[in-house]
Amino acid sequence: MLKNVAAILLDGVHPFELGVVCEVFGIDRSDEGLPVYDFAVASAEGPTLSTPHAGFTMSTTHGLERLESADLIAVPAGDTYTAREFPPELLDALRRAVDRGTRVLSVCSGVFVLAAAGLLDGRRCAVHWRHAEQLAREYPRTRVEPDVLYVDEGPVITSAGTAAGIDACLHLVRKEQGPEVANGIARRMVVPPHRDGGQAQYIQRPLPRSTCDTVGEVLVWMEQHLDQEVTVEQLAARAHMAPRTFARRFQQETGTTPYRWILRQRVLLAQQLLEASDETVDAIAWRTGFGTAGALRHQFVRALGTTPNSYRRTFRGPEAA
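Looking at an unreviewed UniProt entry, one finds the protein chain named Helix-turn-helix domain-containing protein, with Streptomyces bobili as its source organism.

Chemist: So, the packing of aromatic side chains: which residues are in play, and what are the values?
Modeler: This model, assessed by the stated rule, comprises 5 aromatic pairs. Relative to F86, the ring of Y81 has its centre 6.0 Å away and its plane inclined at 85°; by these criteria the two rings are edge-to-face. Accessibility assignment for this pair places Y81 and F86 in one class, buried. A centroid spacing of 6.4 Å and a plane angle of 90° characterise the contact between F250 and W261, whose relative ring orientation is edge-to-face. Placement of the pair is F250 in helix α9 (residues 243-254) and W261 in helix α10 (residues 258-276), with a sequence separation of 11 residues. In this structure F250 comes out as buried when scored by relative accessible area, which is 0%.

Chemist: Tell me about the pattern of salt bridges, residues and numbers included.
Modeler: Overall, the coordinates contain 15 salt bridges when judged by the stated rule. For the salt bridge of R96 with E68, the shortest nitrogen-to-oxygen distance reads 3.1 Å. Pair noted here: R96 is in helix α2 (residues 88-99) and E68 is in the loop between β4 (56-59) and β5 (72-75), with a separation of 28 residues, a long-range link. Here E68 falls in the partly exposed class, since its relative accessible area comes to 39%.

Chemist: Outline the pairing of strand β10 (residues 156-159), supporting the account with residue identities and numerical values.
Modeler: Of the two faces of β10, the one carrying V156 and T158 and the one carrying I157 and S159 are both buried. Relative to β10, strand β6 (residues 103-107) runs parallel, the two sharing 4 bridges. Each bridged residue has a counterpart across the sheet, and for V104 the counterpart in β10 is V156. The pairing of strand β9 (residues 150-153) with β10 spans 4 bridges and is antiparallel. Bridging across to β10, D152 finds its partner in I157. In textbook terms, the turn of a hairpin is the stretch between consecutive antiparallel strands, and for β9 and β10 this stretch comprises 2 residues, one of which, G154, has a positive phi near 65°.

Chemist: Tell me about the sheet that holds β9, and name the residues and values.
Modeler: Spatially, the 6 strands line up as an open sheet ordered β2-β1-β5-β6-β10-β9, and their pairing is mixed. The two strands at the open ends of the sheet, each matched to only one other strand, are β2 (38-43) and β9. Adjacent strand axes in the sheet meet at a mean angle of 15° when their direction is disregarded. Relative to β2, helix α1 (residues 15-25) is tilted by about 160°, and along the sheet it contacts β1 (4-9), β2, β5 and β6.

Chemist: For the packing of helix α5 (residues 164-177) against helix α6 (residues 179-189), give the residues involved together with the corresponding values.
Modeler: Where α5 contacts α6, the two axes come as close as 7 Å, and the packing angle between them is 150°. Along its contact with α5, which presents I166, L170, V173, R174 and Q177, the element α6 presents P179, V181, A182, I185, A186 and M189. Residue classes in the contact of α5 with α6 are distributed as 9 nonpolar, 1 polar and 1 charged.

Chemist: Run through α6, naming residues and quoting values.
Modeler: The complete set of buried residues in α6 reads V181, A182, G184, I185, A186 and M189. Packed against the buried residues of α6 are α1 and α5.

Chemist: So what's going on with unusual backbone geometry? Residues and values would help.
Modeler: Positive phi is not limited to glycine here, since C108 has a value of about 55°. Along the polypeptide, C108 turns up in the loop between β6 and α3 (111-116). When its relative accessible area of 8% is taken as the criterion, C108 is described as buried. If you check the backbone angles, H240 has positive phi at about 60° while not being a glycine.

Chemist: Provide a residue-level description of the packing of helix α7 (residues 216-224) against α10, including the pertinent values.
Modeler: Put simply, α7 and α10 touch, their axes get as near as 10 Å, and they point 45° apart. Taken together, the axis directions place α7 and α10 in an arrangement best described as oblique. Crossing of α7 over α10 shows right-handed handedness. Note on element contacts: α10 touches α7 through P258, W261 and I262, opposite L219, M222 and E223. Partitioned by chemical class, the residues of the contact of α7 with α10 number 5 nonpolar, no polar and 1 charged.

Cut-offs applied
- Residues numbered from 1 in each chain as written.
- Predicted model: local features only at pLDDT ≥ 70, side-chain atom pairs only at ≥ 80, totals over all residues.
- Heavy atoms only, no water.
- Phe/Tyr/Trp six-rings, centres within 6.5 Å; stacked < 30°, edge-to-face > 60°.
- Buried < 20%, exposed > 50% of the residue type's maximum accessible area, 1.4 Å probe, protein only.
- Helix = DSSP H or I, 4+ residues; strand = E, 2+ residues; numbered from the N terminus.
- Salt bridge = Lys/Arg side-chain N within 4 Å of Asp/Glu carboxyl O.
- Pairing = 2+ DSSP bridges.
- Axes fitted to C-alpha atoms, helices over the stretch in contact; angles between N-to-C directions.
- Contact = heavy atoms within 4.5 Å.
- Nonpolar A, V, L, I, M, F, W, Y, C, P; charged D, E, K, R; others polar.
- Parallel < 35°, antiparallel > 145°, perpendicular 65-115°, else oblique.
- Left-handed = near helix turned anticlockwise from the far one by under 90°.

Put into structure tokens, the structure is as follows:
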């Protein structure tokens, strides 16, 4: 049962990510028939902690001993969590907690604490897309999934940046206490109980400017003619190469095939048009070379995990869709 929740803090904790955990588990909503959690904030580094980027301090009377009775231990993000060492006593406490069946949940860079404790070895995990490459490099036994909002791997739950912590917390409530409880908490927080798509839709990937030696001019032409259907033979002719030679050079210099390259650029252009223009999805499908709204939707969902209309609502508001 999910009754006893502790948020463990380190110096430099981010107030917003801590606030996410406090908002979901620390507020008495019994007047609406929702469960009340035995919630506490504990410190792994003394009673007073700083929040350098926010400019204030916070204090708590609880230390690591508070984790011993928790059903869930939440680890919010913090300054320099991606580049610091963590107290061995904290890592030991987290390992003991998981061994006895306690769940642990990280928000954003809090995942580095779980990784340092060895709790992600052999497990999938989520992390803010800006930290995904570093986490995978420093903890190679961890299977990083950079495009998702959260990952539930048994007792270990990890979430991506900031608001994805809300998604992970509500997911756990939904899993343990049912959709009515999760939906009730979400309504009080004025947030959706479940969000479409993953964090792939939030990653900024500007249209690249090629520095390739032999296919660079062709890439520029492809980027300027995304609305046109082209074949490898036509592209090879522009590069004055045989088709097989062109395909091999293209793969060597871009790391992908002509088809996949142009498909990705079409999705990127569609993202830009959905964010910045009032064109219909049908018009955007034509401009980006997909031809039909159905084809655009299919490729958009495959690449970003959400639909064009949902993406537009996310970045421009519900009236834009």
